[in-house]
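What follows is each chain in one-letter form.
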Amino acid sequence: MKFRPLHDRVVVKRIEGEEKTKGGIIIPDTAKEKPQEGQVVAVGPGARDDNGKLVALDVKAGDRVLFGKWSGTEVKLDGQDLLIMKESDIMGVLGK
């Protein structure tokens, strides 16, 4: 992918949720909620503080993150459905 986000923006690919419940019931596509978990694909260089100094982001490409249900802007790049959001929309990084 040849896309570089600007400032404190992050490109995230959603990680699809389970297709069935713990009890074995298959969830149809129409009843599924959009996943709130994803993998960071690309990050911008960071935001500038009041003095003009660059403040690096806390997330990096490859991190698994949790974000809000309505966070980000959905885009399609190179045939992939991705989200572009500010780093502040990310709630946390999942451990490995």
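Residues numbered from 1 in each chain as written. Predicted model: local features only at pLDDT ≥ 70, side-chain atom pairs only at ≥ 80, totals over all residues. Heavy atoms only, no water.

Enquirer: Explain the overall build of the protein here, please?
Expert: Helices and strands together make up the secondary structure of the protein, namely 0 helices and 8 strands. Along the chain direction, N to C, the helices and strands of the protein fall in the order β-β-β-β-β-β-β-β. Counting over 96 residues, the protein shows a buried share of 26%. For the protein, the share of sequence-separated contacts (at least 6 apart) that also reach a separation of at least 24 residues comes to 62%. On the protein, roughly 7,100 Å² of surface is accessible, and the fraction owed to carbon and sulfur atoms is 51%. (Helix = DSSP H or I, 4+ residues; strand = E, 2+ residues; numbered from the N terminus. Buried < 20%, exposed > 50% of the residue type's maximum accessible area, 1.4 Å probe, protein only. Contact = heavy atoms within 4.5 Å. Areas by Shrake-Rupley, 256 points an atom, 1.4 Å probe, with all protein chains shown as cover.)

Enquirer: Before we go on, may I ask you to explain the sheet that holds strand β5 (residues 64–67) in this structure?
Expert: Strand pairs in the sheet, formed through backbone hydrogen bonds, run parallel or antiparallel to each other. Reading across from one edge, β6-β7-β1-β2-β5-β8 is the order of the 6 strands in this open sheet, with antiparallel pairing throughout. This sheet does not close on itself; its edge strands, each paired only once, are β6 (73–77) and β8 (90–93). Here the strands of the sheet are splayed against their neighbours by 45° on average, with no regard to which way each runs. Alignment of β5 against β8, held across 3 bridges, turns out to be antiparallel. In the sheet register, Phe67 faces β8, and the bridge partner there is Ile90. (Pairing = 2+ DSSP bridges. Axes fitted to C-alpha atoms, helices over the stretch in contact; angles between N-to-C directions.)

Enquirer: Please clarify how the nonpolar core should be interpreted in this entry.
Expert: General note: in soluble globular proteins, nonpolar side chains tend to be found buried as a group. Counting residues in each nonpolar core, the largest one holds 10 residues, listed as Val10, Val12, Val40, Leu57, Val59, Val65, Phe67, Leu83, Met85 and Ile90. Those elements that provide at least two residues to this core are β1 (9–14), β5 and β7 (80–86). When sequence neighbours within four positions are dropped, the list of residues in contact with Val59 reads Val10, Val43, Val65, Glu87, Ile90 and Val93. (Core = buried A, V, L, I, M, F, W, Y, C linked by side-chain atoms within 4.5 Å.)

Enquirer: Just checking my understanding: could you explain the pattern of salt bridges for this structure?
Expert: Any two side chains of opposite charge can pair, so long as their charged atoms come close to each other. Tallied over the full model, the rule gives 5 salt bridges. Put simply, Lys86 and Asp8 hold a salt bridge, and the shortest N to O gap is 3.4 Å. Of this pair, Lys86 sits in strand β7 while Asp8 is found in the segment before β1, placing the two residues 78 residues apart along the sequence. Judged by its relative accessible area of 37%, Lys86 falls in the partly exposed class. (Salt bridge = Lys/Arg side-chain N within 4 Å of Asp/Glu carboxyl O.)

Functional significance is not addressed by these values, which are geometric in nature.
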